[in-house]
Amino acid sequence: MKKWSGGLMIVALAMILVFRYSLIGTKPPTGPPPKNSAHSFFNNHPPDDYHIEDTELPILPEIKVKQATPPFKKPHLVNLEGLNELYGSRNISGGDSRPLLVWGYMRSILSRSDALPETAQGVKEASVAWQEFVSMINEKASRFSNIDKAEDENCPFSVDKLHTTALGDEMVLELPCGLVEDSSISLVGIPDGPDRNFQIQLLGSQLSGEARAPVILHYNVSLPGDNMTEEPFIVQNTWTKELGWGKEERCPSHQSTNSPKVDGLVLCNKQVFRSSSDENLNTSHHSSDMLTNGSRGSNRETASFPFVEGVPFTSTLWAGIEGFHMTVNGRHETSFAYREKLEPWLVSKVKVAGGLNLLSALAKGLPVSEDHDVVIDVEDLKAPSIRRKRLVMLIGVFSTGNNFERRMALRRSWMQYEAVRSGHVAVRFFIGLHKNKQVNYELWREARAYGDIQLMPFVDYYSLISLKTIAICIMGVKVLPAKYIMKTDDDAFVRIDEVLASLKTKASDGLLYGRISFESSPQREKDNKWYISDEEWPHALYPPWAHGPGYVISRDIAKFIVRGHQERDLQLFKLEDVAMGIWIEQFKKSGQEMHYINDERFFNAGCESNYILAHYQSPRLVLCLWEKLQKEQKPICCE
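Attention here is on the structure that accompanies the text. (Residues numbered from 1 in each chain as written. Predicted model: local features only at pLDDT ≥ 70, side-chain atom pairs only at ≥ 80, totals over all residues. Heavy atoms only, no water.)

1. Quick notes on the packing of aromatic side chains
- Scanning the model with the defined rule gives 18 aromatic pairs in all.
- A centroid spacing of 5.4 Å and a plane angle of 50° characterise the contact between Trp 130 and Phe 133, whose relative ring orientation is tilted. Of the two residues, Trp 130 and Phe 133 both sit in helix H5 (residues 119-143), three residues apart, roughly one turn of that helix.
- Arranged with centres 6.0 Å apart and planes meeting at 85°, the rings of Phe 493 and Tyr 611 form a pair that is edge-to-face. Of this pair, Phe 493 sits in strand E22 (residues 493-494) while Tyr 611 sits in the loop between strand E26 (602-603) and strand E27 (613-614); the two residues are 118 residues apart in sequence, bridging distant segments of the chain.
- Aromatic ring contacts, followed pair by pair, group Tyr 87, Trp 103, Trp 130, Phe 133 and Trp 444 into a single cluster.
- Its guanidinium or amino end placed over the ring of Phe 233, Arg 250 lies 3.9 Å from that ring's centre, counting from NZ or CZ.
- Between Lys 487 and the ring centre of Phe 398, over which it is positioned, the NZ or CZ distance is 4.5 Å. (Phe/Tyr/Trp six-rings, centres within 6.5 Å; stacked < 30°, edge-to-face > 60°. Helix = DSSP H or I, 4+ residues; strand = E, 2+ residues; numbered from the N terminus. Lys NZ or Arg CZ within 6 Å of the ring centre and 35° of its normal.)

Structural data, given as structure tokens:
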């Protein structure tokens, strides 16, 4: 009987529940809304500031629902052309493997099917450069008992017209080790010839097997026609085998006066017009007025175009931080922003062709390698032996092959901190291969002399620097285990003592410490150096990230990054500092607690008093900052 009554009770309760449920759609609910999972409510895309405790609130805040992002598809491994040559026999006379400690760990990352766009080219060119370099090393070693005592073709500070090569109507100035920031090329000449134009070209390094070298800058000058009936102009452009000619930039320009600047300089200088028929003889017009005024056909009207047929000129083409700049007769005329894979360190020749009588050519401020055999303080500059099981901090410095002077300035300045000399902190330079075998040779000798260089198995293109970030994490986890890992650049001055003092008060896990950007958007303009397409990053904002000149992460984050890339669970992204922010966001989503510590004393552009890090410091300024610290015992900027 009890069983029957129990059954009737269950049926009755079920009917009541069904009846109440049927009324929910027509009757407004009373009281607080039912608790709900924000995860399901927002279709598996919670807001960045969402926490579990938010579900206890009676009313959920209004939040804009994000568009669903396709799930990350785990990439597979592919075999890139040249990869086997890079990872085949690495036998080099002299047998020093210290510059290759991270090399072996990078193969699986380079082999990813979702590799960064320039990886295939960077690996292919690196394999050719590596084979040429190994052959050069072994050949020198076979002629000399010690590779460091071999005859050197030094990287000279300057070359002049005495070193030019005549090829028909062309003159070629050889630059043995490329250009660096502040390198300059001065030309004295007289425009002549029936074609009324001439060209100045900066050509890139050309590997064996390449039919034509890339044109890193094509500077084409077209002189005024007879009676000023044709508008004179200057066109700047680039050429590569993969992309052909790029988008040309023309001066005088008809663009807006608000067009972007390069190193603070306008792309095209203003033109000044003078006419005997005008009342305002000295009126200045912007270059956008050039076409209107120049098309009048008056033979009495002239413009201050910098090049005139039959008139001598002196011009200087120099490399800045952001691009090339041309001055003519002491006045700035044009600027041209560097383009991807066409940086100044790749330049190997200056070619002058067309209607120009070249009187003089001088390239100076070129990268100069040290003669390590005569360096008096070489023992004081060598990387100290590491005897500790775990470092307090590993500092990875981004550098390029021919930045010899920058690295020596760091060794003689902030790398002399006691924390470094005692072995508590290790500093290592991470450098890709150069297409110029002479630069690779000088770089190898430098690596053997100081023991602080790690070579990367790809050509050092800007778009591949995120791979260096991963390499720094690999070294800080697997090679030289460290509690903290810091990334910086070879034109930055770092106050290591202050960094270490600040870290003592910070969390030791889940830490990102530096100058942090909490809300920034991707650049969607294709001409921008930091352009990111919707396919590369579909979101409106980046996760928090620290500016690349200098930031510190804790060991647990580095381990997460190394494991994530080895297992191909993390996305590759070409902006290295933003990439670190993206990877840390994944670290946070895995359930780890994060501490974003912003410090405004990390200056990513220049120097200010009380700095922890000062960026864009030349070798001279780096040494000056160190001297001021030693004398004044406080951080004072030099300029």
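2. With respect to the pattern of salt bridges
- Here the structure, examined in full by the defined rule, presents 28 salt bridges.
- One salt bridge in this structure joins Glu 170 and Lys 351, with 3.8 Å as the shortest N-O distance. Of this pair, Glu 170 sits in strand E3 (residues 170-174) while Lys 351 sits in strand E16 (residues 347-354); the two residues are 181 residues apart in sequence, bridging distant segments of the chain.
- With a relative accessible area of 25%, Glu 170 lands in the partly exposed category.
- With its nearest N and O atoms 3.3 Å apart, the salt bridge here joins Asp 377 to Arg 412. Of the two residues, Asp 377 sits in the loop between strand E17 (356-364) and helix H7 (378-381) while Arg 412 sits in the loop between helix H8 (404-411) and helix H9 (418-421), which places them 35 residues apart along the sequence.
- One connected set of salt bridges, linked through shared partners, spans Arg 407, Arg 411, Glu 446 and Asp 452. (Salt bridge = Lys/Arg side-chain N within 4 Å of Asp/Glu carboxyl O. Buried < 20%, exposed > 50% of the residue type's maximum accessible area, 1.4 Å probe, protein only.)

3. Digging into the state of the cysteines
- Applying the stated criterion to the full structure yields four disulfides.
- The side chain of Cys 251 participates in a disulfide bridge whose partner is Cys 268; the two sulfur atoms lie 1.8 Å from each other. What sets the handedness of the Cys 251 and Cys 268 disulfide is the S-S torsion sign, and at about -75° it is left-handed. Taken together, the positions of Cys 251 in strand E9 (residues 249-251) and Cys 268 in the loop between E9 and strand E10 (271-275) put the pair 17 residues apart, joining distant regions of the chain. Here Cys 251 matches Cys 268 in class, with each residue buried.
- Here the cysteine-cysteine linkages of the protein chain are recorded as 1-2, 3-4, 5-7, 6-8, numbering only bonded cysteines and doing so in sequence order. (Disulfide = S-S within 2.5 Å.)

4. Looking at the pairing of strand E14 (residues 323-328)
- Most of E14 sits inside the fold, with five of its six residues counted as buried.
- As consecutive antiparallel partners, strand E13 (residues 313-319) and E14 are separated by three residues.
- Pairing of E14 with strand E15 (residues 331-337), which is carried by six bridges, proceeds in the antiparallel orientation. Bridging from a neighbouring strand, Thr 327 pairs with His 332 of E15.
- As consecutive antiparallel partners, E14 and E15 are separated by two residues, and within that stretch Asn 329 has a phi angle of approximately 50°, a positive value. (Pairing = 2+ DSSP bridges.)

5. Thoughts on H8
- Among the eight residues that make up H8, seven are buried, leaving the element largely enclosed by the rest of the structure.
- Here H8 has its buried residues at Phe 404, Arg 406, Arg 407, Met 408, Ala 409, Leu 410 and Arg 411.

No statement about biological role is implied by the geometric values presented.
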